[in-house]
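Okay, here's what each chain looks like letter by letter:
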Amino acid sequence: MLGAIEAGGTKFVCAVSDEQINIVDTVKFATTTPAETLQKVIAFFKRYPVTAIGIGSFGPIGVKAGQADFGHILNTPKLAWQNFDFLGVLKAQLQVPCYWTTDVNIAAYGELQAGAAQGLSNVVYLTIGTGIGAGVIVAKKFYYGLSHTEVGHVLLQQQPSDHFSGSCPYHQGCAEGLASGPAIEQRCHKKAAQIPADNPLWQLEADYLAQLCHNITLMFVPERIIFGGGVMHQKQLFPLIRKQLTAKMNHYVSLPPLDQYIVPVGLGDQAGIIGGLYLAKKLVNAE
Ligand code: ADP
Ligand code: ZN
């Protein structure tokens, strides 16, 4: 059997499947302390004969094999998790091969294998939720430089009409600080889900997300940009983003038809777990 862990900053999801990625069991629980959370993860997987586990973790995380911080959670604002050797603890307890990458990378991989990016080689998966993160796949591989990318924190041009100071504690004017779910809610003093679809806030949100797509397009030239995360339940954002991207790009690069270029996640909230299972399968097949 195959295993997957989607380790989020607020919740963990674990699943096991057969070799054809048919999910057999899933469990979800809140992210608390590393010891308590990992104990639940380990108890779940000990019930099944898993041969490999694909893990996608919140970050930043160490992703470069051979480096001392590989498998660790790094400089997270969640202090209890700082420098936690996630992969080391898991491997010691479960004794199975584990594939380790970011939460957004496993979702990007799920989309590549079984979702909205099937048949492609170069895609960016963006989540617009509690944070903004990007899984970047180039030539069917995760893109790492010194580490994984931090596309959610690129700087955007703030609209003159927008006086919000931003929700990111590190940067003034980054995408996450201007356009994540908490940014919307702090700006409007309302739950994002309760803001009507015709509220001008969504024009502003689409402008920021179109700027993000503009930058991603110019830097990675992906074949497709896939949007997931809670905020993208606002389906009216898609045509607004496409329209604003067209205006900003001003025909500088030629793009596929935009309804095929800027698309919603194909696997919904299963993208990460399914990607994790495919990564586990890849590990098993490589042995
Ligand atoms: P996480 O990023 O923690 O994994 P989500 O992707 O569900 O979780 O993102 C949560 C964020 O998405 C919250 O800030 C919430 O305000 C926002 N959100 C959830 N549902 C909606 C919705 N229907 N419309 C707009 N925003 C939403
Ligand atoms: Zn930031």
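Since we're looking at a predicted model, the values are computed, not measured. (Residues numbered from 1 in each chain as written. Chains lettered and ligands numbered in written order. Predicted model: local features only at pLDDT ≥ 70, side-chain atom pairs only at ≥ 80, totals over all residues. Heavy atoms only, no water.)

Draft legend 1. The site of ligand 1, seen in detail. The environment of ligand 1 is formed by 13 residues, the closest being Gly-129, Thr-130, Glu-185, Gly-230 and Gln-234. At 2.6 Å, a side-chain N or O of Thr-130 approaches an oxygen atom of ligand 1. In this structure, an oxygen atom belonging to ligand 1 sits 2.8 Å away from a main-chain N or O atom of Gly-230. Considered on its own, ligand 1 offers 570 Å² of accessible surface; in the complex 66% of this is hidden by protein. When its residues are assigned to classes, the shell around ligand 1 shows 4 nonpolar, 8 polar and 1 charged. (Near = heavy atom within 4 Å. Polar contact = N/O pair within 3.5 Å; in protein donor to acceptor, adjacent residues only side chain to side chain. Areas by Shrake-Rupley, 256 points an atom, 1.4 Å probe, with all protein chains shown as cover. Nonpolar A, V, L, I, M, F, W, Y, C, P; charged D, E, K, R; others polar.)

Draft legend 2. Local environment of unusual backbone geometry. Look at the link from Gly-59 to Pro-60: it is a cis peptide, with omega at 5 degrees. Counting through the fold element by element, Pro-60 comes out in the loop between β4 (52–57) and α2 (86–94). (Helix = DSSP H or I, 4+ residues; strand = E, 2+ residues; numbered from the N terminus.)

Draft legend 3. A look at the nonpolar core. The biggest cluster of nonpolar side chains holds 38 residues, and the ones touching the most others in it are Leu-126, Trp-202, Leu-209, Phe-227, Ile-241 and Ile-262. Ignoring anything within four residues of it in the chain, the contact list for Phe-227 reads Leu-126, Ile-128, Leu-209, Cys-213, Met-232, Phe-238, Ile-241, Ile-262, Val-263, Pro-264 and Val-265. (Core = buried A, V, L, I, M, F, W, Y, C linked by side-chain atoms within 4.5 Å. Buried < 20%, exposed > 50% of the residue type's maximum accessible area, 1.4 Å probe, protein only. Contact = heavy atoms within 4.5 Å.)

Draft legend 4. The domain arrangement of the chain, seen in detail. Along its sequence, the chain is organised into domain 1 (2–106 + 269–284) and domain 2 (116–265). For domain 1 and domain 2, the distance between their C-alpha centres works out to 26 Å. Counting residues at the interface gives 14 residues for domain 1 and 15 residues for domain 2. Buried area between domain 1 and domain 2, summed over both chains or domains, comes out near 1100 Å², and the portion from carbon and sulfur atoms is 58%. Counting every contact that joins domain 1 to domain 2 gives 0 salt bridges. Linking domain 1 with domain 2 are 4 residue pairs in polar contact (both at pLDDT 80 or more), by the criterion used here. Of all the secondary-structure elements, those providing two or more residues to the side of domain 1 that touches domain 2 are β5 (98–102), α3 (103–114) and α9 (271–286). Partitioning the side of domain 1 that touches domain 2 into residue classes produces 9 nonpolar, 4 polar and 1 charged. (Domains from an automatic or database assignment. Buried area = accessible area lost by both parts, 1.4 Å probe. Salt bridge = Lys/Arg side-chain N within 4 Å of Asp/Glu carboxyl O.)

Draft legend 5. Representation of the sheet that holds strand β10 (residues 262–264). What the 5 strands build is an open sheet, ordered β8-β7-β6-β9-β10; its pairing is mixed. Either end of the sheet is taken by a strand with one partner, and the two such strands are β8 (141–142) and β10. Where strand β6 (residues 123–128) meets strand β7 (residues 132–138), 6 bridges bridge the pair, whose relative direction is antiparallel. Within β7, the residue paired with Leu-126 across the bridge is Ala-134. Strands β6, β7, β8 and β9 (224–228) of the sheet are contacted by α3, whose axis makes an angle of about 50 degrees with β7. (Pairing = 2+ DSSP bridges. Axes fitted to C-alpha atoms, helices over the stretch in contact; angles between N-to-C directions.)

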